[in-house]
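Tertiary structure, described
What follows is the residue order along each chain.
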Amino acid sequence: MTETTGKTGAAAQFEELPDAPPRRRLQLSWTGKLGVCVVVFWAAIVVAGPTIAPYHEADILDEALFVVPGSDNPYPDTDYQPPSRVVYLGSDYLGRDTLSRTLFGARTTIGISLASTLLAYLVGVTLGIAAAVGGATLDTVLSRINDAFLSMPTIMLGLVVIAAIGSTIPILIMLTGLIYATSVFRIARALGLDVMVSDFVEAARVRGEGLWWIITREILPNVAMPMATDFGLRFVYVILFISSLSFLGLGVQPPQSDWGSMVRENLSGLPYGSIAPLVPALAIATLTIAINLIVDDVSAHAGGKLARRMI
Amino acid sequence: MLLHAMLRRIAVGIATLLVVSVLIFIGTSVLPGDVANIILGQMATPESLAALRAKLGLDQPAHVRYFFWLGNLMTGDLGVSKAGSGFGTIGTPISEMLVPRMWNTIRLAGVVAAVAVPLSMALGLLAAMYPGTRLDRIVTFTTLGLISVPEFLVATFLVLVVAVYLGWLPATAYMSGNETGWQLVKALAMPTLTLVIVASSQIMRMTRATVLNVMSSPYIEMAILKGVPRQRIILRHALFNAIGPIVNVVALNLAYLVSGVVIVETIFAYPGLAKLMIDAVQTRDLPLVQACAMIFCATYIVLIFIADMASILSNPRLRHPK
């Protein structure tokens, strides 16, 4: 999406050369545009959510707030109340405001997922590129270790570690980041190897460029676009993983709100027709589907080859 | 040559299992607070701790303990759980707890596979036979939606529709383990339906993509030019070449069921292996977590291995590597 930005001095000069290929602009379809709108909406909530929320996430609302329409009698309960002017999206199983908790939860869920994905990329890309350029021995060692981690289902890996050391937000970020670094490693390594055998890297070597120069000037720019698409997909997986852990009661701990745990704790309200579990569920669904729609467009733009690589 | 390739894969599979067992062992054993501490809890005194450690073999160095654990695992002795421990006893043997739970999980997974695999392959094939039609678009959009939301979301909405609005089934499946006939069907219905939906959408998408991929190959083009009817092309030419990749897809997706089962058993309080493991994680019953994780990872590796074998057997080029 940042096709037009980032044209600094050297790049601009190159574009003026007659044989430079014309830059293709990314054309988003209407579904892609819808996706961008939804993602921007949630990004805004992450920034502003706690400020615009009517209550605090941990506030258990006072009984006096809930008054039967047309009389002065308060409701007998404050939990699982339907939407009203007091609580716009109803209240949850403890009588907390669902809207406020969803707004606060956006920051927790998206923040943790983003931090984990960034960590996964930092570790995965560093090691992946190192394996691609560092020679056969390093490549074999790193790949074998990686395969061992990949051969366990992610949720099992998560459960074993959480059983051993418990669950706090820093542990959650580290754990998720390292689990997903394994798949990032695979892609970064594969892409890096592709570039390493290309003619222009050969030319750079013959010119006598150092390894660091080749990595920063040849490899990273060439793997950037595919990795960006993969980042979107990986981010979705991380959101689903974190929400699933929270849903199992092993992720973000109460009273902090998080979309996954909100679905779980309010599940018992479903039989009474409460919408408390549906609001955070819809929040997760809209965000993940929106990101997928954008990724679809971007990978079509990048030639669609990626889809087969990213399993 | 084929035998050689198979033996190689088997060796790799066993090696992976060993590495996974080391990882699980390290993950749960090297950290502070060993099983003796957990079992004794409040009642721990230095003497009783030392005695219990000697009894359980915990005073040995880590690599010795690992081989003891692995040896016991091979002979079916999975150790003792924290559950039921107290004065004088050291807890319930894990194998006793596992067997009924495992049976429940196998039953659930079996029913899911029996329903999901034929259903999703048929729908995936239909979508691939008529690409671009309304049926194809419905299948593609629905499955894209389903795979981008978490499993628990599918389950939540199913409960909402089937149990709350339609009132056909109870919202949770509390099973005692000895239901029969209609009771059993009712208890299994919701977890099965959720897992079928989750698993089918993946298989459908990949079946469709695989068949379409085969359809774009030169010999299919030739068949079209010869004037072979569409149905015959799909059923006689494309399908046979797509069977290997499709078996691969099915085995891979059954392996992904491992994580689906964890979520679904928790939501519906289904007394399976995964529920046992989640409870063990919550009470930090490490020996039980180890045993369950080993079973799940082994299943996963075996299924991946089957997927791998299927793709070798179905592809002559892989069968006779140059």
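Residues numbered from 1 in each chain as written. Chains lettered and ligands numbered in written order. Predicted model: local features only at pLDDT ≥ 70, side-chain atom pairs only at ≥ 80, totals over all residues. Heavy atoms only, no water.

**Focus: the overall build of chain B**
Secondary structure summary: chain B contains 13 helices and zero strands in total. Within chain B, buried positions represent 43% of all 322 residues. Of the contacts made within chain B by residues no fewer than 6 positions apart, 70% connect residues no fewer than 24 positions apart. For chain B, the accessible area works out to roughly 16,200 Å², and carbon and sulfur atoms hold 68% of it. (Helix = DSSP H or I, 4+ residues; strand = E, 2+ residues; numbered from the N terminus. Buried < 20%, exposed > 50% of the residue type's maximum accessible area, 1.4 Å probe, protein only. Contact = heavy atoms within 4.5 Å. Areas by Shrake-Rupley, 256 points an atom, 1.4 Å probe, with all protein chains shown as cover.)

**Some remarks on the overall build of chain A**
Tallying secondary structure elements over chain A gives eleven helices and zero strands in all. Element order for chain A, N to C, with α for helix and β for strand: α-α-α-α-α-α-α-α-α-α-α.

**Focus on the packing of helix 3 (residues 98-133) of chain A against helix 6 (residues 169-196) of chain A**
Pairs of packed helices are described in terms of their axes, by the angle between the two and the distance that separates them. Residues and elements named next belong to chain A. With their axes 5 Å apart at the nearest point, helix 3 and helix 6 run at an angle of 40 degrees to one another. The chirality of how helix 3 crosses helix 6 is right-handed. Here the residues of the contact of helix 3 with helix 6 sort into 24 nonpolar, seven polar and one charged. (Axes fitted to C-alpha atoms, helices over the stretch in contact; angles between N-to-C directions. Left-handed = near helix turned anticlockwise from the far one by under 90°. Nonpolar A, V, L, I, M, F, W, Y, C, P; charged D, E, K, R; others polar.)

**Side note on the nonpolar core**
Side chains of nonpolar character tend, in soluble globular proteins, to be buried together. Counting 124 residues, the largest nonpolar core has M156(A), L159(A), I219(A), M227(A), W259(A) and M277(B) as its most contacted members. The biggest single contributor to this core is helix 8 (residues 211-247) of chain A, with 15 residues. Residues contacting I219(A), with those up to four places away along its chain left out, are I129(A), V133(A), G192(A), V195(A), M196(A) and I214(A). Counting 17 residues, the second largest nonpolar core, distinct from the first, contains L125(B), I203(B), V228(B) and A242(B). (Core = buried A, V, L, I, M, F, W, Y, C linked by side-chain atoms within 4.5 Å.)

**Thoughts on the environment of S148(B)**
Within the fold, S148(B) resides in the loop between helix 6 (134-147) and helix 7 (151-165). According to the relative accessible area criterion, S148(B) is buried, its value standing at 1%. When near neighbours in sequence (up to four residues on either side) are disregarded, S148(B) contacts L240(A), T288(A), I289(A) and N292(A).

**Re the side chain of N146(A)**
Along the chain, N146(A) turns up in helix 4 (residues 136-150). Once residues lying within four places of it in the same chain are set aside, the contact partners of N146(A) are T182(A), F185(A) and R186(A).

**Some details on the interface of chain A and chain B**
Reports often express the size of an interface as the amount of accessible area lost when the parts come together. Chain A puts 39 residues into the contact, and the matching count from chain B is 41 residues. In total, about 3,300 Å² of surface goes out of reach between chain A and chain B, with carbon and sulfur atoms giving 83% of it. When the buried area of chain A at its contact with chain B is split by residue, M156(A), V160(A) and A163(A) rank highest and sum to 16% of it. The interface formed by chain A and chain B holds zero salt bridges in total. Remark: the boundary between chain A and chain B carries zero residue pairs in polar contact (both at pLDDT 80 or more). Those elements that place two or more of their residues in the side of chain A that touches chain B are helix 4, helix 5 (154-165), helix 8, helix 9 (259-265) and helix 10 (278-301) of chain A. Here the side of chain A that touches chain B is built from residues that sort into 29 nonpolar, eight polar and two charged. (Buried area = accessible area lost by both parts, 1.4 Å probe. Salt bridge = Lys/Arg side-chain N within 4 Å of Asp/Glu carboxyl O. Polar contact = N/O pair within 3.5 Å; in protein donor to acceptor, adjacent residues only side chain to side chain.)

**Quick word on the packing of aromatic side chains**
In this structure the tally under the stated criterion is five aromatic pairs over all chains. When the ring of Y180(A) is compared with that of F241(A), the centres are 5.7 Å apart and the planes differ by 70 degrees; the resulting orientation is edge-to-face. Residue Y180(A) is found in helix 6, and its partner F241(A) is found in helix 8; the two are separated by 61 residues along the sequence. For the pair formed by Y180(A) and F241(A), the shared burial category is buried. On the basis of an interplanar angle of 5 degrees and a centroid distance of 4.4 Å, the ring pair of F247(A) and F152(B) is categorised as stacked. With F247(A) in helix 8 and F152(B) in helix 7, the pair connects residues from two separate chains. This pair shows no difference in class: F247(A) is buried, exactly as F152(B) is. (Phe/Tyr/Trp six-rings, centres within 6.5 Å; stacked < 30°, edge-to-face > 60°.)

**Section: the packing of helix 9 (residues 218-226) of chain B against helix 10 (residues 230-267) of chain B**
Residues and elements named next belong to chain B. Here helix 9 crosses helix 10 at 175 degrees, and the two axes come no closer than 11 Å. Accordingly, the angle class assigned to the pair helix 9 and helix 10 is roughly antiparallel. For the pair helix 9 and helix 10, contact is made by Y219, I220, A223 and I224 and by I233, H237, A238 and N241, respectively. Looking at the contact of helix 9 with helix 10 residue by residue, the class counts come to six nonpolar, two polar and no charged. (Parallel < 35°, antiparallel > 145°, perpendicular 65-115°, else oblique.)

**Here we look at a nonpolar patch on the surface**
Together, L3(B), L7(B), I10(B), I14(B) and L18(B) make up an exposed nonpolar region whose accessible area comes to about 480 Å². Locating L7(B) in the fold gives a position in helix 1 (residues 2-29). (Patch = residues over 30% accessible without salt bridge, like charges linked within 9 Å, V, L, I, M, F, W, Y side chains within 5 Å.)

**Notes on the confidence of the model for chain B**
For chain B, per-residue confidence averages 77 on the pLDDT scale, and 82% of positions sit at 70 or higher. Here the predicted complex carries an ipTM of 0.74, next to a pTM of 0.78. (pLDDT = per-residue confidence, 0-100.)

**Quick look at the state of the cysteines**
Put plainly, two cysteines are in a disulfide when a covalent bond ties their sulfur atoms together. Residue and element names in this part refer to chain B. As enumerated under the stated definition, the model contains zero disulfides over all chains in all. Take C292: it sits in no disulfide, and the sulfur closest to it among the cysteines is that of C297, at 11 Å. Of the residues examined, C292 reaches a relative accessible area of 0% and is grouped as buried. (Disulfide = S-S within 2.5 Å.)

**Comments concerning the pattern of salt bridges**
Within the structure shown, the criterion is met by seven salt bridges over all chains. A salt bridge links R101(A) to E265(A), with the shortest nitrogen-to-oxygen separation between them at 2.9 Å. Of this pair, R101(A) sits in helix 3 while E265(A) sits in helix 9, and the two are 164 residues apart along the sequence. Residue R101(A) is classed as buried on the basis of its relative accessible area, which comes to 2%. Of the residues examined, E265(A) reaches a relative accessible area of 16% and is grouped as buried. Here D279(B) ties to K275(B) by a salt bridge, and the two come within 3.2 Å at their closest N and O atoms. One end of the pair is D279(B) and the other is K275(B), both in helix 11 (residues 273-282) and four residues apart, which spans about a single turn. Given a relative accessible area of 29%, D279(B) falls into the partly exposed group. Look at K275(B) and you get buried, because its relative accessible area is 18%.

**Re helix 7 of chain B**
All names here are of chain B. Relative to the 21 Å expected for 15 residues at 1.5 Å per residue, helix 7 spans 20 Å between its end C-alpha atoms, a close match to the ideal helical length. Counting buried residues along helix 7, eleven of its 15 residues qualify, which places the element largely inside the surrounding structure. By the burial criterion, the buried members of helix 7 are E151, F152, L153, V154, A155, T156, L158, V159, L160, V162 and A163. Among the residues trailing helix 7, G167 stands out with phi positive, at a value near 65 degrees. (Expected span 1.5 Å × (residues − 1).)

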